Number of protein chains: 2
Amino acid sequence: MNFLHIRSLILCYLLVLSVSSGNKMAEGKTALVLIADGSEEMEAVISIDVLRRAGLHVTVGLVSGTAGIATCGKGVKLAGDVSFAEAESLGPYDVVVVPGGMGGSNIMAADSGVKKLLSEQYASGRKVAAICAAPALVLTAAGVGEGKRVTCYPSMESHFGDKYTYVAGEKVVVDGNLITSQGPGTAFDFALKVAEEIVGAEKSKAVAKAMLL
Amino acid sequence: MNFLHIRSLILCYLLVLSVSSGNKMAEGKTALVLIADGSEEMEAVISIDVLRRAGLHVTVGLVSGTAGIATCGKGVKLAGDVSFAEAESLGPYDVVVVPGGMGGSNIMAADSGVKKLLSEQYASGRKVAAICAAPALVLTAAGVGEGKRVTCYPSMESHFGDKYTYVAGEKVVVDGNLITSQGPGTAFDFALKVAEEIVGAEKSKAVAKAMLL
């Protein structure tokens, strides 16, 4: 076997290693997206869809609804994959995503099960992601992310009080294992940043390109 | 009654006229958004949500699904407001919106009821809007918009053949009563343009601003 053959073999081995490790990054990675009556439907659906495009196994957990369906803030009727209780038993997840919408966020902020799940998710070092009204209402109620840099729907920043550092003018803010974002118009940036944090920038960029963003 | 009083009365009358005509533009305007198994969920939900924010009465018509629910292309389970047959009976609509997604578009392209509805909607001069795979698959199958400038998901333009003028590099293309767009990443632009065409640029811009776009 001459030098050229050996070099080709090594290159081939490195290529296989790189492809399999690239796959492994997405393989087995999981997300839980919570929905409730009054959740913002675009924020929920963009998160679910984009994270599935990025190769994550996404579970949609229904916190409140009728006959398995959440009636979202603008009337879109979205079915959960599982109930919240079942979603809890299927965890832990690499990331838990909380969409906004005043109605849904108020329900989640008052739900002791949701607060416990988010609190444990965060304390364990796994990622928590929230957008729009959810950082201001749900994370504060759960005591998640105190001391961190955060953003939310701009009119709601007063909810953070002095326990958080509110960041204005950034679509998505990442601080440690906390990812927050502003609203429906930043939902693609939010979901792609969550994907990037879980499976890497290359995969996230490929998803964005295929979506024509 | 002196001149000042008369002038105030006239101004007041004009103000009332302008406000009521402004309201009338959004009031009573209707949209039908079609969904089917395999529809692109972000394109469907962004269209429904944005048009409702713009004041349209939006009906979600289920072309195919199980127990009233379409399982979309990335697994999001979306309930129709009504069946396609019921949606037909509730028309006509100011605009019929067709989301993309290969699975959903193929179902709609093969559905004689959908093709008849789109054909009549278009021939009557009312608006037809389609995005992603839908212009290439559904509009061509229904013979809607022949001779018009159109766009679609870039890899699918060959479906237009020589009966349409394919436009590359524009997120949304409006030609007469036909509105077409490229894919998930252009879905906000698409929905906002449909809103603009129905209720005017001012309202559409206000919706975009509130969404933080």
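Residues numbered from 1 in each chain as written. Chains lettered and ligands numbered in written order. Predicted model: local features only at pLDDT ≥ 70, side-chain atom pairs only at ≥ 80, totals over all residues. Heavy atoms only, no water.

The name given to chain A in an unreviewed UniProt entry is Protein dj-1beta, with the source organism recorded as Hyalella azteca.

## Some points on the overall build of chain A
Let me state the cut-off plainly: Under the DSSP-based scheme used, a helix requires at least four consecutive residues in state H or I and a strand at least two consecutive residues in state E, with every element numbered from the N terminus. Burial status follows relative accessibility: with a 1.4 Å probe on protein chains alone, a residue under 20% of its type maximum counts as buried, one over 50% as exposed, and anything between as partly exposed. Surface accessibility in these figures is a Shrake-Rupley result with a 1.4 Å probe; residues are shielded only by whichever protein chains are displayed.
In terms of helices and strands, chain A carries eight helices and 11 strands. Within the span of chain A, comprising 213 residues, buried residues form 52% of the whole. When the accessible surface of chain A is summed, it comes to about 9000 Å², and 57% of that surface belongs to carbon and sulfur atoms.

## Remarks on the sheet that holds strand E3 (residues 69-71) of chain A
Sheet strands line up and pair through hydrogen bonds in the backbone, either parallel or antiparallel. Heads up, the rule is: Paired strands, as defined in this entry, are two strands with at least two bridges between them according to DSSP. Here, axes are lines fitted to C-alpha atoms. For helices the fit covers the stretch in contact, and angles between N-to-C directions go from 0 to 180 degrees.
Across the sheet, four strands lie side by side as E3(A)-E4(A)-E4(B)-E3(B); this open sheet has antiparallel pairing. Looking at which strands have only one partner, the edges of the open sheet turn out to be E3 of chain A together with strand E3 (69-71) of chain B. Each neighbouring strand pair of the sheet contributes to a mean axis angle of 30°, computed without reference to strand direction. Where E3(B) and strand E4 (residues 77-79) of chain B come together, three bridges link them in antiparallel fashion. Bridge assignment links Thr71(B) to a residue of E4(B), and that residue is Lys77(B).

## Considerations on the UniProt feature "domain: DJ-1/PfpI" (unreviewed entry) in chain A
Using the following cut-off: UniProt positions are given in the numbering used here, feature names are shortened, and annotations may be inferred rather than shown by experiment.
Listed under "domain: DJ-1/PfpI" (unreviewed entry) in the UniProt record, and renumbered for this structure, are residues 29-196 of chain A. Spanning residues 29-196 of chain A, this segment combines 36% helix with 24% strand, and its end C-alpha atoms are found 12 Å apart.

## Remarks on the pattern of salt bridges
We count it as follows: Salt bridge, as applied in this entry: a Lys or Arg side-chain nitrogen positioned within 4 Å of an Asp or Glu carboxyl oxygen.
Counted by the stated rule, this structure contains 18 salt bridges over all chains. Glu120(B) is paired through a salt bridge with Lys116(B); the nearest N and O atoms lie 3.4 Å apart. Taken together, the positions of Glu120(B) and Lys116(B), both in helix H5 (residues 112-123) and four residues apart, correspond to about one turn of that helix. Taking relative accessible area as the criterion, Glu120(B) reaches 45% and is therefore assigned partly exposed. The residue Arg149(B) makes a salt bridge to Glu170(B) at a minimum N-O spacing of 3.4 Å. Here Arg149(B), found in strand E8 (residues 149-150), pairs with Glu170(B), found in the loop between strand E9 (165-166) and strand E10 (172-175); they are 21 residues apart in sequence, far enough to count as distant. Connected via shared salt-bridge partners are Glu40(A), Asp49(B) and Arg53(B).

## Some remarks on unusual backbone geometry
The omega torsion across Gly91(A) and Pro92(A) is 0°, close enough to zero to call that bond cis. In this structure, Leu212(B) is a non-glycine residue whose phi angle is positive, near 75°. Here Leu212(B) falls in the partly exposed class, since its relative accessible area comes to 22%.

## Here's the deal with the interface of chain A and chain B
Note the threshold: Should any heavy atoms of two residues lie within 4.5 Å, those residues are considered in contact. In short, buried area is how much 1.4 Å probe accessible area vanishes from two parts on joining, totalled over both. For the purposes of these results, a polar contact is taken to be a pair of N or O atoms within 3.5 Å, where, inside protein, one atom must be able to donate a hydrogen and its partner to accept one; residues adjacent in sequence count only when each atom of the pair is a side-chain atom. Side-chain classes follow a simple rule in which Ala, Val, Leu, Ile, Met, Phe, Trp, Tyr, Cys and Pro form the nonpolar group, Asp, Glu, Lys and Arg form the charged group, and the remainder, Gly included, forms the polar group.
The interface of chain A with chain B comprises 31 residues on the first partner and 31 residues on the second. Note on chain A versus chain B: buried area summed over both sides is about 2600 Å², and carbon and sulfur give 67% of it. Sorting the residues of chain A by area buried against chain B places Met42(A), Lys74(A) and Leu212(A) first, and these three jointly supply 24% of that buried surface. The interface formed by chain A and chain B includes four salt bridges. Across the pair Lys77(B) and Asp81(A) runs a salt bridge, and its minimum N-O distance is 2.7 Å. Linking chain A with chain B are 12 residue pairs in polar contact (both at pLDDT 80 or more). For the side of chain A that touches chain B, the secondary structure elements donating two or more residues are helix H2 (41-53) and strand E4 (77-79) of chain A. Here the side of chain A that touches chain B gets nine residues from one element, more than from any other, and that element is H2(A). Looking at the side of chain A that touches chain B residue by residue, the class counts come to 17 nonpolar, six polar and eight charged. Pairing analysis gives three bridges linking E4(A) to E4(B), with the strands arranged antiparallel. From the neighbouring strand, Lys77(A) faces E4(B), where its bridge partner is Ala79(B).

## What about the side chain of Glu43(B)?
Rules: For the purpose of charge, His is not counted, nor are the chain termini; Lys and Arg are scored as positive and Asp and Glu as negative.
Relative to the elements of secondary structure, Glu43(B) occurs in helix H2 (residues 41-53). Despite its burial, Glu43(B) remains without a salt bridge, the nearest opposite charge being carried by Arg53(A) at 6.0 Å. In this structure the side chain of Glu43(B) is engaged in a polar contact, spanning 2.8 Å, whose partner is the backbone nitrogen of Gly100(B). Those residues in contact with Glu43(B) that lie beyond four places of it in its chain are Pro99(B), Gly100(B), Gly101(B), Ile131(B), Cys132(B), Gly183(B), Pro184(B) and Ala187(B).

## What about the packing of aromatic side chains?
Note the following rule: Any Phe, Tyr or Trp ring, taking Trp's six-membered ring, that has another such ring centre within 6.5 Å forms a pair; planes under 30 degrees apart are called stacked, those over 60 apart edge-to-face, and the others tilted.
Counting across every chain of the model gives five aromatic pairs over all chains. Taking the centre distance of 6.2 Å and the plane angle of 85° together, the rings of Phe188(A) and Phe188(B) count as edge-to-face. With one member in each of two chains, Phe188(A) in helix H7 (residues 187-199) and Phe188(B) in helix H7 (residues 187-199) form a pair that bridges those chains. With respect to burial, Phe188(A) and Phe188(B) carry one shared label: buried. One aromatic cluster is present, formed by Phe160(A), Tyr164(A) and Tyr166(A) through successive ring pairs.

## A short note on the relation of the copies chain A and chain B
We apply this condition: Copies overlap after least-squares fitting; the atoms used are the C-alpha atoms of residues with pLDDT of at least 70 in both.
Each copy superposes on the other: chain A lies on chain B with an RMSD of 0.0 Å after a rotation of 180° and an axial shift of 0.0 Å. Each copy turns onto its partner about a two-fold axis. In terms of C-alpha distance to the rotation axis, chain A has Leu78(A) as its closest residue, with the C-alpha 2.5 Å off the axis. Of the interface residues in chain A, 100% have counterparts in chain B that sit at the interface too, so the contact is made through matching surfaces.

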